[in-house]
Amino acid sequence: MWTAGGRSRAAWPRALLPLLPLLLAGPGGCLRRHELFPFGPARGDLELEPGDDRVSPALELSTALRFFDKTDLRSVYVTTNGLIATSEPPAAESHPGLFPPTFGAVAPFLADLDTTDGLGKVYYREDSSPAITQLAAECVQRGFPGVSFQPASAVVVTWESVAPYRGPSEDPAQEDQRNTFQAVLASSGSRSYAIFLYPEDGLQFTSTFSKRDQSQVPAMVAFSQGLVGLVLSSDGAYNIFANDRDSIGNLAKSSNSGQQGVWVFEIGGPDTASGVVSSDVNLRPDDGEDYDDDEDYDSVTSLGPEDLGTTPFPYETPRRGDTGTTRHRVLAPSRPATARPARPPTERTRSFQLPGARFPQQHPQVIDVDEVEESEVVFSYNTDSRPTCANSRHQCSVHAECRDYATGFCCSCVAGYTGNGRQCVAEGSPQRVNGKVKGRIFVGSSPVPVVFENTDLHSYVVMNQGRSYTAISTIPETVGYSLLPLAPVGGIIGWMFAVEQDGFKHGFSITGGEFTRQAEVTFVGHPGKLVIKQRFSGIDEHGHLTIDTELEGRVPQIPVGASVHIEPYTELYHYSRGVITSSSTREYTVTGPAAPASIHTYQWRQTITFQECVHDGARPAPPSTQQLSVDSVFVLYNQEERILRFALSNSIGPVRDGSPDALQNPCYIGTHGCDTNAACQPGAGNQFACECAIGFRGDGRTCHDIDECSEQPSVCGSHAICNNHPGTFRCECEQGYRFSEEGTCVAAMDERPINHCTTGLHDCDIPQRAQCVYTGGSSYTCSCLPGFSGDGRACQDVDECHPSRCHPDAFCYNTPGSFSCQCKPGYRGDGFRCVPGEAEKTRCQLQREHILGAAGVTGQRPLPPGMFVPECDEHGQYVPTQCHGSTGYCWCVDRDGRELEGTRTRPGMRPPCLSTVAPPIHPGPSVPPAVIPLPPGTHLLFAQTGKIERLPLEGSTMRKTEAKALLHAPGKVIIGLAFDCVDKMVYWTDISEPSIGRASLYGGEPATIIRQGLGSPEGIAVDHLGRNLFWTDSRLDRIEVAKLDGTQRRVLFDTDLVNPRGIATDPVRGNLYWTDWNRDSPKIETSYMDGTHRRVLVQDDLGLPNGLTFDAYSSQLCWVDAGTSRAECLRPEQPVRRRVLEGLQYPFSVTSFGKNLYYTDWKTNSVAAIDIAVAKETDTFHPHKQTRLYGITTALSQCPQGHNYCSVNNGGCTHLCLATPGSRTCRCPDNTLGVDCIERK
């Protein structure tokens, strides 16, 4: 808690001044709605598409906008959610989430807003008219009296009567509440200002329902620069002005510009590189008292990183032009002037919706003004918003306990678990680490760097042995051998899980696996250094630690084929609050293929920064110095597989006598005092020397950067720009040039014509109404499809039934782009020609009449005991499930009525049989079999005979009114569905041909990828990482795999299968799961994706397990059983079943998303949603066409995080790459010809 008190009437405390606009309503009336900047269609405004989480197309600007330190922003994007973005927001951030976002943002009222069904409108435009620019200039002049500013244009965005997104609970208190507010971005080219306007009664609600937190969250007024940095991106500067209900509610009553409801900020100019500058014209009390801005104030307490996340009020930072005083305020709660120095942007605490990995807390703030002598006015403000365990327990691990303290709360792992409380893992349990590596490395004296990106890193740690195994693939051979000495790249993982000696802690105990690490490697006798930057992000939804690594710099060249040996070594880690440092000198031996061994040395220095919970003063700190002992060091570069491997054994404890570190040489213990850009060279005893690193000059204790670009103006060559960097320089080619293989800039020639029909960048109508015809060069034409009329850019359906083209004795049915005809009752024919009489009887109808006639059964008389009579459907075909009326046995039949082996069930249970006969197609023009492009967002896709439909999801809620057909496929019986989140493709099985097909959700024609060698393909699943397709075949009793284009087929299993159906993949772990509803012995099995390690996962208490799904986010395997009428789940590594819900009707297929399972039901012909957490069916959707529903899958808007060994370069395989846990297997297709395929593990 901190307190500031005033000292006299003329000396109001400086700490109070930032809060006055929120406490006092100044003279004059509130802003009226008609006083807003003019807006609406009559003013030329564009209107944002109605809906939830909408983003406008780019609004191109005639006058460049300055924002923070950027000077050439030429476009902005307007969103429903009270935000203007400087770049297009990614789909994952379409609704309010963590702040700051990854994109630049101006947020006058950041909240989850909704304009669906006419609930408000969002208008926007750029306006260069004198009336508007003058009005903007006057607002800026009022807020910044000493600034001369005349804008060339202004972006005017108005949110008029917008509604809050209320979530599934739909708070009735917000039903009629609407907000109106406005943002104006005025720019002169050299400076830019933001003007926020909140009219009287314009803010009727201050919070909205959060899709992320599933609760009400206050709105926010804020600015954010977005991500910055090309090598290691991090959060740029950001300013949070208000993010609690009180301050949001006072926006219309207060001001920072002297006029109520009007707020002015400088957002771009010479003074905004580190933060937005706020106006400083405060509303005064009516008595007009003066305030002394020069009085100092003290803060009683120092705020830590846990205190910065939700502070709702601005703190003071230096004003433009001031030196040593603090008058003008930069609204930056993330950098209070009284707190300890701000950390780098990579560590800024996020706020608004708070991640579980952070502790965004604040102290209760009390501000009292009780010494105003003349008026005796007493102002007090007290808000106790301190997070407690009661409202923030979710920020602790499920394996931790939460305790409240006077200033906040802390988490600590329970017995048997280790970590920092926010992240806990079982002591001694093996751990996996996954991540990505990218690098830009110069090898030897080469002028051209070796660049690699998106390279996988996988590590496995045997914690109880302290042994870590790390593999990085795919590393180019040109740099692979030269990286062998850098075992510390993976050594940081060994430090995290080193064996702990009594009283000492490894890295995970201290940091919980959430930290940033920067290390520098200086090779003695070799120019240049290597910089290693790593960000550890804690444990992901799969229980794996995640890491991102960047390597940049220069390393000595090691010959191809050489080996590197590293002797056991020790390293001292020095701890202080939030920071761990270490430095050491290491030797390594290089033995070439045809050269003697040589010993080399490098110096190592690293800094690890992390966040601690500061509220528990009694919590023991880690020892100030710990020694990491590393032995059994193994390094290898596999030239064939291009994989770099490190293995180390690690333990942590006290400094051992006799070890090099025990000498306490300053180089080893970090007390040398060398410049940060110098290397410490240890000598005898405590002697040492400081040497400036390559690229710096000085005496070692002070080093200055060498400006290579000034000293060597032609170092980059012609058509190149030289950029100096600390310790080095970078060359960039001028526009229109690119680097050649020799490292020089050459002209870039790429003027090839563009086929806009292929790229989709054309303005023809959607594919189901029009086609784009490429005419050469970059030209194309548009034409409407048959059944539509128009110019090709706008096509309308032709109603062929007016006048009817069918026979007079037939019904005509108009459909989009087509029509169909059907003879009336009492007539037969194709609808174009109908004659009196009934249609010709089918095989099923004839068989049924023959049996009944032979038995003399007519009318409604009961059948004789023991007699079986086949059942026919409405079209005269055999019903796929036939039952014996006397015995109660049921079985499946094919299209000719023959019983399918292995399908007969006991009395009282109906097998889940599939019809192989598609409904009849009436002659005449048909609906074009093209995919209707899918809108953004997550959708459920489900199959009905002859088509696939889509059902949008908003959170976990089915938006049933927006359900539409995705693909018409008449003549097919589509059973299984699977979705590839990478290429946005839907895959299906069709048992009528039989075949397997696919189609792009971006639109276009479907394609059949497999036609031959199929019996009854049913379940289907995709490995989006390995780019493989898996399916079950219940006729051939086998499971197969192929590439996603249908090539390279291989049978995985063809034994011990009777009725395989549902199938699911776990791409990250490399596991495969499937159901077999064998009526004698139903089971759920699993194996690795390569077909090895097959085993039964579930066998007891199953009936007819149909659908199966694996949820990548929760790592749960769930299934629906039509025999037991249950939905159940388990975690495959801990096979303890959980009954989610009982009493289902006849479930067939299932998928998962978020907290829900979604399944199709044959009895109700519906899609039903089950909330797994509360074990309750929460919603159902009945399609317009009431026919049997089959497969269902989730079309995700983005892929789940994770990697496997087949993700990059097909795992180095020549043909099929099949993932396994922690590895992969290369397999050949069954029909491989020749010897070009290599199988290996």
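- Per an unreviewed UniProt entry, the protein carries the name Nidogen-1 and comes from Myotis myotis.
- Under the Function (unreviewed entry) heading, UniProt states for the protein: "Sulfated glycoprotein widely distributed in basement membranes and tightly associated with laminin. Also binds to collagen IV and perlecan. It probably has a role in cell-extracellular matrix interactions."
- Heading Subunit (unreviewed entry) of the UniProt record for the protein holds this comment: "Interacts with FBLN1. Interacts with LGALS3BP. Interacts with PLXDC1. Interacts with SVEP1."

1. Section: the state of the cysteines
Inference 1: Under the definition given, this model contains 21 disulfides.
Inference 2: In this model, C764 is linked to C782 through a disulfide, with the two sulfur atoms separated by 1.9 Å. Classification of the bridge connecting C764 and C782 rests on its S-S torsion, roughly -75°, and on that basis the disulfide is left-handed. Residue C764 is located in the loop between helix 10 (756-759) and strand 49 (770-776), and its partner C782 is located in strand 50 (residues 779-784); the two are separated by 18 residues in the primary sequence.

2. Observations concerning the pattern of salt bridges
Think of it this way: side chains of opposite charge can pair up when their charged atoms draw near.
Inference 1: Tallying each qualifying case throughout the model produces 47 salt bridges.
Inference 2: For the salt bridge of D456 with K436, the shortest nitrogen-to-oxygen distance reads 2.8 Å. Placement of D456 in strand 29 (residues 450-462) and of K436 in strand 28 (residues 431-443) is noted, with a sequence separation of 20 residues between them. Taken individually, D456 and K436 each receive the classification buried, so the pair is uniform in this respect.
Inference 3: For E993, the salt bridge identified is with R1011, shortest N-O distance 3.1 Å. Here E993 is found in the loop between strand 64 (985-990) and strand 65 (995-1000), whereas its partner R1011 is found in the loop between strand 66 (1007-1010) and strand 67 (1017-1023), with 18 residues between them in sequence.
Inference 4: E993 gets classed as partly exposed once you look at its relative accessible area, which sits at 40%.

3. Looking at the UniProt feature "domain: EGF-like" (unreviewed entry) in the protein
Inference 1: Per the UniProt record, the feature "domain: EGF-like" (unreviewed entry) sits at residues 663-704, 705-746, 753-796 and 797-835.
Inference 2: Taken end to end, residues 797-835 comprises 0% helix and 46% strand; its first and last C-alpha atoms sit 30 Å apart.

4. Remarks on the sheet that holds strand 69 (residues 1038-1043)
Inference 1: Sheet architecture is open: four strands sit in the order 67-68-69-70, paired in antiparallel fashion. Looking at strand neighbours, the two that pair on one side only are strand 67 and strand 70 (1050-1053), the edges of this open sheet. On average, each strand axis in the sheet is tilted by 25° relative to the strand beside it, whichever way the strands run.
Inference 2: When strand 67 meets strand 68 (residues 1028-1033), the two strands line up antiparallel, connected through five bridges. Within strand 68, the position partnered with I1020 by the bridge is W1031.

Calculation criteria
Residues numbered from 1 in each chain as written. Predicted model: local features only at pLDDT ≥ 70, side-chain atom pairs only at ≥ 80, totals over all residues. Heavy atoms only, no water. UniProt positions renumbered as here; feature names shortened; annotations may be inferred. Disulfide = S-S within 2.5 Å. Helix = DSSP H or I, 4+ residues; strand = E, 2+ residues; numbered from the N terminus. Salt bridge = Lys/Arg side-chain N within 4 Å of Asp/Glu carboxyl O. Buried < 20%, exposed > 50% of the residue type's maximum accessible area, 1.4 Å probe, protein only. Pairing = 2+ DSSP bridges. Axes fitted to C-alpha atoms, helices over the stretch in contact; angles between N-to-C directions.

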